[in-house]
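Working through the structure, step by step
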Amino acid sequence: KKHKLLYAYPNPFNPSVNIPFELGSRSHVVLNIYDLKGQKVETLINEIIPEGGHEINWNANAYASGVYVCALESDGWMSTSKLILIK
């Protein structure tokens, strides 16, 4: 079974977005949000999570409008998606 980063919704969003993902096995997961310069703006998850479907909400009220990158990492695997914040 594989891990999957699913489509975030709503996207574009203001001020919060749901980020769903699936884990093929129990694993240590890190989910970071980066700006387009590649600088980390927030870590949403850094813990061991059980297998199955999960969803986390990111409230970006403190951040400026623009494009952000959500990066889900686990056990050497990584997937990214673009999030568009419009205020």
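This write-up is about the structure you can find in this document. One numbering rule holds for all chains: residues counted from 1, following each sequence as written. Thresholds applied to this predicted model are a pLDDT of at least 70 for local features of residues and 80 or more for the giving and counting of side-chain atom pairs; totals over whole chains, interfaces and linings are not thresholded and use all residues. Only hydrogens and water are set aside; all other atoms, that is, all heavy atoms of the structure, feed into the side-chain values.

This next bit is on the sheet that holds strand β6 (residues 66–74). If you trace the four strands from one edge of the open sheet to the other, you get β4-β3-β6-β7, paired in antiparallel fashion. The two strands at the open ends of the sheet, each matched to only one other strand, are β4 (40–49) and β7 (77–85). Here the strands of the sheet are splayed against their neighbours by 15° on average, with no regard to which way each runs. Pairs of strands are assigned from DSSP output, requiring at least two bridges between the strands. Runs of E in the DSSP output that reach at least two residues are strands. Runs of H or I that reach at least four are helices, and both are numbered from the N terminus. Fitting a line to C-alpha atoms yields each axis, with helices limited to the stretch in contact; the angle taken between N-to-C directions then spans 0 to 180 degrees.

What follows covers the nonpolar core. Core analysis: the largest hydrophobic core is formed by 22 residues, its most contacted members being Ile19, Leu31, Ile33, Trp58 and Leu83. For this core, the secondary structure elements donating two or more residues are β2 (16–23), β3 (27–35), β4, β5 (52–59), β6 and β7. The element contributing the most residues to this core is β2, with four residues. Apart from residues no more than four positions distant in its own chain, Leu31 is found in contact with Ile19, Phe21, Glu42, Thr43, Leu44, Ile45, Ile56, Cys70, Ala71 and Leu72. Buried Ala, Val, Leu, Ile, Met, Phe, Trp, Tyr and Cys residues form a nonpolar core when they are joined through side-chain atoms within 4.5 Å. Throughout this description, buried means an accessible area under 20% of the type-specific maximum (1.4 Å probe, protein chains only), exposed means over 50%, and partly exposed covers the range between. We call two residues in contact whenever any of their non-hydrogen atoms come within 4.5 Å of each other.

This brings us to the pairing of β3. Across the nine residues of β3, seven count as buried, placing the element largely inside the fold. Once β3 ends, the chain turns through four residues before running back antiparallel as β4, passing Gly38 with a positive phi of about 90°. The pairing of β3 with β6 spans seven bridges and is classified as antiparallel. Paired with Val30 across the bridge in β6 is Glu73.

The next point concerns the packing of aromatic side chains. Working definition: a ring pair exists when centres of Phe, Tyr or Trp rings (six-membered ring for Trp) sit within 6.5 Å. Plane angles under 30 degrees give stacked, over 60 give edge-to-face, the rest tilted. A complete count under the given rule lists four aromatic pairs for this structure. Note on Phe13 and Trp58: the rings are 5.8 Å apart at their centroids and 55° apart in plane angle, and the pair reads as tilted. Within this pair, whereas Phe13 is found in the loop between β1 (4–5) and β2, its partner Trp58 is found in strand β5, the two being separated by 45 residues in sequence. Among the residues examined, Phe13 registers a relative accessible area of 3% and is labelled buried. Judged by relative accessible area, Trp58 falls into the buried class, the value being 0%. Ring centres of Trp58 and Tyr63 lie 5.6 Å apart, and the angle between their planes is 40°; on these two criteria the pair is classed as tilted. Aromatic rings pair up to connect Phe13, Trp58, Tyr63 and Tyr68 into one cluster.

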